[in-house]
Amino acid sequence: MGTIDEDGKISIGPLVKIDTSAGRPSELCWLAVSPDDRLVFTTNFGYSNISSCRINGAELSIAKDPACPKVAGDGTFRAINGTVSSGPSDSWITPDDWRGLCCH
């Protein structure tokens, strides 16, 4: 979790690791923060899934990882890290808390 103070100084908090049992992820594409600023959803392109984290003040903790079922594929498309992927490539949350995920 990073913050920018009024003087423009950037501070970075401790890293939160996602499950890397399938290998190191190739890309963490997008982050979507819930309207109440309590959750953040990460789109993990290399794993074909999303993870969710809780925002606790200036710190993050894993809420659910992965936060969706594994996406089935035919094994013909592989991410940079070699894992089979169908590639979630974008995500969003509307002001009324409707979540979306775009795959290609």
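Residues numbered from 1 in each chain as written. Predicted model: local features only at pLDDT ≥ 70, side-chain atom pairs only at ≥ 80, totals over all residues. Heavy atoms only, no water.

Caption draft 1: Broad picture of the overall build of the protein. Within the protein, the secondary structure is distributed over zero helices and eight strands. Burial statistics for the protein: of 104 residues in total, 25% are counted as buried. In the protein, 38% of the contacts between residues at least 6 apart in sequence involve partners at least 24 apart. (Helix = DSSP H or I, 4+ residues; strand = E, 2+ residues; numbered from the N terminus. Buried < 20%, exposed > 50% of the residue type's maximum accessible area, 1.4 Å probe, protein only. Contact = heavy atoms within 4.5 Å.)

Caption draft 2: Inspection of the environment of Ala67 at higher detail. Topologically, Ala67 is positioned in the loop between strand S6 (59–64) and strand S7 (88–93). Considering only alpha carbons, one finds Ala67 and Phe41, 26 residues apart in sequence, at a separation of 8.5 Å. If near-sequence neighbours (up to four positions away) are discounted, Ala67 is found in contact with Ile50, Ser51 and Ser52.

Caption draft 3: Up close: the side chain of Ser51. Its location among the elements puts Ser51 in strand S5 (residues 49–56). A distance of 2.6 Å separates the side chain of Ser51 from the side chain of Asp65, its partner in a polar contact. Apart from the residues lying within four places of it in its own chain, the contact partners of Ser51 are Ile18, Val40, Phe41, Thr42, Asn44, Lys64, Asp65, Pro66 and Ala67. (Polar contact = N/O pair within 3.5 Å; in protein donor to acceptor, adjacent residues only side chain to side chain.)

Caption draft 4: A look at the side chain of Ser52. By the element assignment, Ser52 lies in strand S5. Apart from residues no more than four positions distant in its own chain, Ser52 is found in contact with Val40, Phe41, Ile62, Ala63, Lys64 and Ala67.

Caption draft 5: Up close: the environment of Asn49. Structurally, the position occupied by Asn49 is in strand S5. Once the C-alpha coordinates of Asn49 and Pro66 are considered, the two residues, 17 residues apart in sequence, prove to be 6.4 Å apart.

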